[in-house]
Amino acid sequence: DKIRYPQYRPTLDGSDRVVDCIVDEKRTLKYFELAVIPDYDPITMTQGRLHLSFDRAKKLIYPDGNHLKDKPWIYGKVILGSTGETPLIWKTKTAKNENCIVTTLEENEGDSGLTALFHHEKITWDLLDVEKLIGEENNDFTLTVEIWEERCTVFPLMCGCHRLLGRFRLDMLPILSNPFRPVNDWFKLEEDCFEDGSGEVRLNLKYEAGRHGMIIFTLIEGKALRNTAG
């Protein structure tokens, strides 16, 4: 029989053997479990990619202490590099109707308020120019998360933050110090407009550091190539 050349070979050794790609997935940790590199300078960090999944917020109430009623519309606002020159800003889709669950004190005392479901809405940032995300004064790299009510009227005059239900700031150095390590945790809204606030937000974070290297491609076979030899 006539042998065609080049022969198609699924693998470089000519066999049909398939080698699976083995990915070593690191165990998911809580934020406080992350080990921080001493004296880590975020400006010297390598370029990479940050994945953020916005899961849900719970125990949300109005700044005057009342519970959210009348089908509130809740959305999250994420600011990466909030102290830097050009921060990256992302807004979630508004959670409303069946995605907003109101629990009153009578139903579940101690865990009342609103739960807003965001169904793991995801955002990915390519961190190429990190220096513009770093604060000039403290050299910090911060992620700020805010929870807003989209439709509510102006809050009482004693509260000057209008529709803001709360926010928290997250130091990104532990995340950067642990590349490829997934983080899944609840974060408390620390800057509520009132002292009795107990709102929390659940986030999933993972930073993938860029790696320098070389990719080698081997052309095994070509088909239906145009003849340009004349």
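Conventions and cut-offs
- In this convention, every chain numbers its residues from 1, walking through the sequence in written order.
- Owing to the predicted nature of the model, reporting of local features is limited to residues with pLDDT of at least 70; listing and counting of side-chain atom pairs is limited to 80 or more, with chain, interface and lining totals taken over all residues.
- In computing side-chain values, all of the structure's heavy atoms are included and hydrogens and water are not.
- The helix count covers DSSP runs of H or I at least four residues long, the strand count covers runs of E at least two residues long, and both are numbered beginning at the N terminus.
- Exposure categories follow from relative accessible area, calculated using a 1.4 Å probe and restricted to protein chains: below 20% of the type maximum is buried, above 50% is exposed, and the middle band is partly exposed.
- Here a residue-residue contact requires only that any non-hydrogen atoms of the pair lie within 4.5 Å.
- Per-residue and other accessible areas follow the Shrake-Rupley method at a 1.4 Å probe size, with only the shown protein chains counted as cover for residues.
- Here, strands pair whenever DSSP counts at least two bridges between them.

A. How the structure looks around the overall build of the chain. Check the secondary structure of the chain and you find 1 helix and 9 strands. The secondary structure elements of the chain, listed N-terminal to C-terminal, are β-β-β-β-β-β-β-α-β-β. Going through the 230 residues of the chain one by one, you find that 40% of them count as buried. Of the contacts made within the chain by residues no fewer than 6 positions apart, 72% connect residues no fewer than 24 positions apart. Split by element, the accessible area of the chain, about 15,300 Å² in all, is 50% carbon and sulfur.

B. Here's a closer look at the environment of Asn139. By the element assignment, Asn139 lies in the loop between strand S5 (113–127) and strand S6 (142–149). For the pair Asn139 and Gly84, spaced 55 residues apart in sequence, the C-alpha separation works out to 8.9 Å.

C. Spatial organisation of the pairing of strand S1 (residues 48–60). The pairing of S1 with S5 spans 10 bridges and is antiparallel. Looking across to S5, one finds that His51 is bridged to Thr124. Both S1 and strand S9 (residues 200–209) contribute to a ladder of 10 bridges, which runs antiparallel. Each bridged residue has a counterpart across the sheet, and for Lys58 the counterpart in S9 is Glu200.

D. Expanded view of unusual backbone geometry. Residue His119 is not a glycine yet carries a positive backbone phi of 55 degrees. Checked against the element boundaries, His119 lands in strand S5. Owing to a relative accessible area of 54%, His119 belongs among the exposed residues under this scheme. Although it is not a glycine, Phe180 adopts a positive phi angle of roughly 65 degrees. Assignment of secondary structure puts Phe180 in the loop between helix H1 (173–176) and strand S8 (183–188). We classify Phe180 as partly exposed; its relative accessible area is 24%.

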